[in-house]
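Each chain is listed here by its residues.
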Amino acid sequence: MGITRAVYPGSFDPLTFGHLDVIRRASNLFEEVIVGVASNDAKAPMFSTEERIAMIEEETRDMANISVRKIEGLLVSFAREEKAMVVIRGLRAVSDFEFEFQMALMNRSLEPRLETVFLTPKEDYTYLSSRIVKEVAQLGGDVTKFVPKAVVERLRSKCVRAK
Ligand code: ADP
């Protein structure tokens, strides 16, 4: 058996302390973790793929086994190319379960060797989502408790520009 390489896919629009908590847990569990940033223009992200990658790179510098890459196309194809056998997803609450379960089984049907592993963040982050952080920031609320400092700055400049 080779090394256990895992991929943690998502939009990360933007990166939150919830995502970082999952990344840190994965970094302790697997030899290598690739954070895969989905370049899904259909979701009309606030931040470009490059900006989302830069945010994650800045905040994971202290974790030697983490790398960040763009995902184009199917997750299972990306995982195959990167020789990753594990997909990591975060589970916050029961509400995440149905969609995550469906996706895990779809991915298994596309690539039976790929295992999905669910990690649960620290309780403080179970209510956090990128969507709610963006909403609060757009309405001028303080998001310093939810995202790293550099992300707060990036959100501020986006929201000022949008006004
Ligand atoms: P997607 O657009 O694919 O849902 P996200 O960037 O929202 O991507 O999330 C990527 C993954 O991180 C998903 O598995 C999601 O459940 C998980 N996640 C998002 N926010 C949190 C959080 N606060 N705590 C733990 N996991 C989270």
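Structural data are supplied above this passage.
Now for a quick tour of the structure. Each residue is numbered by its place in its chain's sequence as written, counting from 1. It should be noted that, the model being predicted, local features are given only for residues of pLDDT at least 70 and side-chain atom pairs only at 80 or more, the latter also being counted only at that level, while totals for whole chains, interfaces and linings use all residues. Side-chain measures here rest on the full set of heavy atoms in the structure, leaving out hydrogens and waters.

Overview of the overall build of the protein chain
Counting secondary structure elements, the protein chain contains six helices and five strands. Under the DSSP-based scheme used, a helix requires at least four consecutive residues in state H or I and a strand at least two consecutive residues in state E, with every element numbered from the N terminus. Going residue by residue from the N terminus, the α and β elements of the protein chain occur as β-α-β-α-β-α-β-α-β-α-α. Here the globule rule reads 2.2 Å times residues to the power 0.38, and the radius of gyration is calculated from C-alpha atoms. Compactness check: the protein chain gives a C-alpha radius of gyration of 16 Å against a globular reference of 15 Å for 163 residues, within 12% of the reference. Dimensions along the principal axes, computed over C-alpha positions, put the protein chain at roughly 50 × 35 × 30 Å. Across the 163 residues in the protein chain, those meeting the buried criterion constitute 45%. Residues count as neighbours in contact if any of their non-hydrogen atoms are within 4.5 Å of one another. Long-range pairs, those at least 24 residues apart, make up 76% of the contacts in the protein chain between residues at least 6 apart in sequence. Surface exposure here means Shrake-Rupley accessible area, sampled with a 1.4 Å probe, where a residue is shielded only by the protein chains that are shown. Accessible surface for the protein chain amounts to roughly 9300 Å². Of this, 55% is attributable to carbon and sulfur atoms. Residues counted as positive are Lys and Arg, residues counted as negative are Asp and Glu, and His and the chain ends are not counted. A charge is said to be at NZ when it belongs to Lys, at CZ for Arg, at CG for Asp and at CD for Glu. Once the 24 positive and 24 negative side-chain charges of the protein chain are each reduced to a mean point, those two points are 2 Å apart. Accessible area is worked out with a 1.4 Å probe on protein chains only. A residue is then buried under 20% of its type maximum, exposed over 50%, and partly exposed in between.

As for a nonpolar patch on the surface
What goes into a patch is any residue over 30% in relative accessible area without a salt bridge, connected to like charges within 9 Å or, for nonpolar side chains (Val, Leu, Ile, Met, Phe, Trp, Tyr), within 5 Å. Basic side-chain nitrogens of Lys or Arg form a salt bridge, by our definition, when they fall within 4 Å of a carboxyl oxygen of Asp or Glu. A grouping of Val94, Phe97, Phe101 and Leu105 is seen on the molecular surface, where their side chains present a nonpolar patch of about 410 Å² in accessible area. One can find Val94 in helix H4 (residues 94–110). A relative accessible area of 74% places Val94 in the exposed class.

Considerations on the site of the ligand
With respect to spatial proximity, 17 residues lie near the ligand, and among them Tyr8, Ser11, Phe12, Lys43 and Gly90 are the closest. Whenever two N or O atoms come within 3.5 Å, that pair is a polar contact, provided that in protein one can donate a hydrogen and the other can accept it, and provided that, for residues adjacent in sequence, both atoms are side-chain atoms. Within the side chain of Tyr8, one N or O atom sits 2.7 Å away from an oxygen atom of the ligand. Contact between the ligand and Tyr125: a nitrogen atom at 2.9 Å from a main-chain N or O atom of the residue. Elements with a minimum of two residues in the shell around the ligand: strand E1 (5–10), helix H1 (17–29), strand E4 (86–90) and H4. Residues are classed as near a molecule or strand on a simple rule: at least one heavy atom within 4 Å of it.

Focus on the side chain of His19
Here His19 lies in helix H1. For His19, a relative accessible area of 16% translates into the label buried. Side-chain polar atoms of His19 contact the backbone nitrogen of Thr16, separated by 3.1 Å.

Overview of the packing of aromatic side chains
Whether two aromatic rings pair depends on their centres lying within 6.5 Å, for rings of Phe, Tyr and Trp, where Trp uses its six-membered ring; planes under 30 degrees apart make the pair stacked, over 60 edge-to-face, and the rest tilted. Evaluation of the coordinates by the stated rule reveals four aromatic pairs. Relative to Phe12, the ring of Tyr8 has its centre 5.2 Å away and its plane inclined at 80°; by these criteria the two rings are edge-to-face. Exposure class is identical for Tyr8 and Phe12. Each is buried. Judged by centre distance (6.2 Å) and plane angle (90°), the rings of Tyr127 and Phe146 are edge-to-face.

A few points about helix H3 (residues 75–82)
Listed as buried for H3 are Leu75, Val76, Phe78, Ala79 and Glu82. Down the axis of H3, the smallest arc covering the buried residues is 160°, so these residues share one side. The secondary structure elements touched by the buried residues of H3 are E1, strand E2 (32–38), strand E3 (66–71), E4 and H4. Of the residues flanking the end of H3, it is Lys83, one or two places downstream, whose phi is positive at about 55°. Note that the arc is defined by the directions from the helix axis to the C-beta atoms.

Describing unusual backbone geometry
Cis peptide bonds are those with omega within 30 degrees of zero, and the linkage from Asp13 to Pro14 qualifies with 0°. With respect to the helices and strands, the residue Pro14 is situated in the loop between E1 and H1. The phi dihedral of Ala44 falls on the positive side, at around 45°, and the residue is not glycine. Along the chain, the position of Ala44 falls in the loop between E2 and helix H2 (49–59). Despite not being glycine, Lys83 shows a phi value in the positive range, around 55°. With respect to the element layout, Lys83 can be found in the loop between H3 and E4. A relative accessible area of 59% places Lys83 in the exposed class.

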